[in-house]
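# Observations on the model geometry
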Amino acid sequence: MNCKTIVIELENYLDEDLGAALRAEIEQHLEKCKKCRLIVDTTKKTIQIYCNSEPAPLPEGTRDRLHAALEKHLRRARA
Ligand SMILES: [Zn+2]
């Protein structure tokens, strides 16, 4: 499990669409990795704003924008 995997799986993780094992691995990584915690927190807040705190699938455009933002985050985190 590394930061790149987190970003790839983040959408499923937040949708609670992951198996227990993968979920546990992500949570383990998040405990150790401040950068990914920040990304997850930011993404959760973004989703809450868009979805008004209701658990709902993201609209297509939002997913794309979110992915672009996450990739930017990750590149910055690595620089
Ligand atoms: Zn990480």
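Here, every reference points to the structure presented above.
A short tour of the structure in this document, coming up.

A few words now on the overall build of the protein. Counting its secondary structure elements, the protein contains 4 helices and 0 strands. When the helices and strands of the protein are placed in sequence order, the string is α-α-α-α. Among the 79 residues that make up the protein, the fraction classed as buried is 29%.

Surrounding the zinc ion are the protein donor atoms C3 (SG), H29 (NE2), C33 (SG) and C36 (SG), at 2.0 to 2.4 Å. The coordination sphere of the zinc ion comprises 4 donor atoms, whose angles at the metal cover 104 to 116 degrees; the geometry is tetrahedral. The sequence motif formed by the donor residues of the zinc ion is C-x25-H-x3-C-x2-C. Of the two residues, H29 and C36, both sit in the buried class.

It is worth spelling out the environment of R23 at this point. Here R23 shows up in helix 2 (residues 20-32). Counting along the chain gives 13 residues from R23 to L10, while the straight-line C-alpha distance between them is 9.9 Å. Not counting residues up to four positions away in its chain, the partners in contact with R23 are Y13, E16 and L18.

The next subject is the nonpolar core. Among the nonpolar cores identified, the biggest contains 16 residues, and L10, Y13, L14, I26, L30 and V40 are the most heavily contacted of them. Where this core is concerned, the elements lending two or more residues are helix 1 (3-14), helix 2, helix 3 (34-51) and helix 4 (60-78). With 5 residues, helix 1 is the largest single contributor of residues to this core. Setting aside anything within four residues of it in sequence, one finds V40 in contact with L10, Y13, L14 and L30.

This next bit is on the side chain of T43. Topologically, T43 is positioned in helix 3. The residues touching T43, leaving out its near neighbours within four places in the chain, are L10, L14, L66 and L70.

Definitions and limits used
- Residues numbered from 1 in each chain as written.
- Predicted model: local features only at pLDDT ≥ 70, side-chain atom pairs only at ≥ 80, totals over all residues.
- Heavy atoms only, no water.
- Helix = DSSP H or I, 4+ residues; strand = E, 2+ residues; numbered from the N terminus.
- Buried < 20%, exposed > 50% of the residue type's maximum accessible area, 1.4 Å probe, protein only.
- Donors = N, O, S within 2.8 Å, 3.2 Å for Na, K, Ca; no water.
- Tetrahedral: all angles 85-135°; square planar, octahedral: opposite > 155°, others 65-115°.
- Contact = heavy atoms within 4.5 Å.
- Core = buried A, V, L, I, M, F, W, Y, C linked by side-chain atoms within 4.5 Å.

The values are spatial; any link to function lies outside them.
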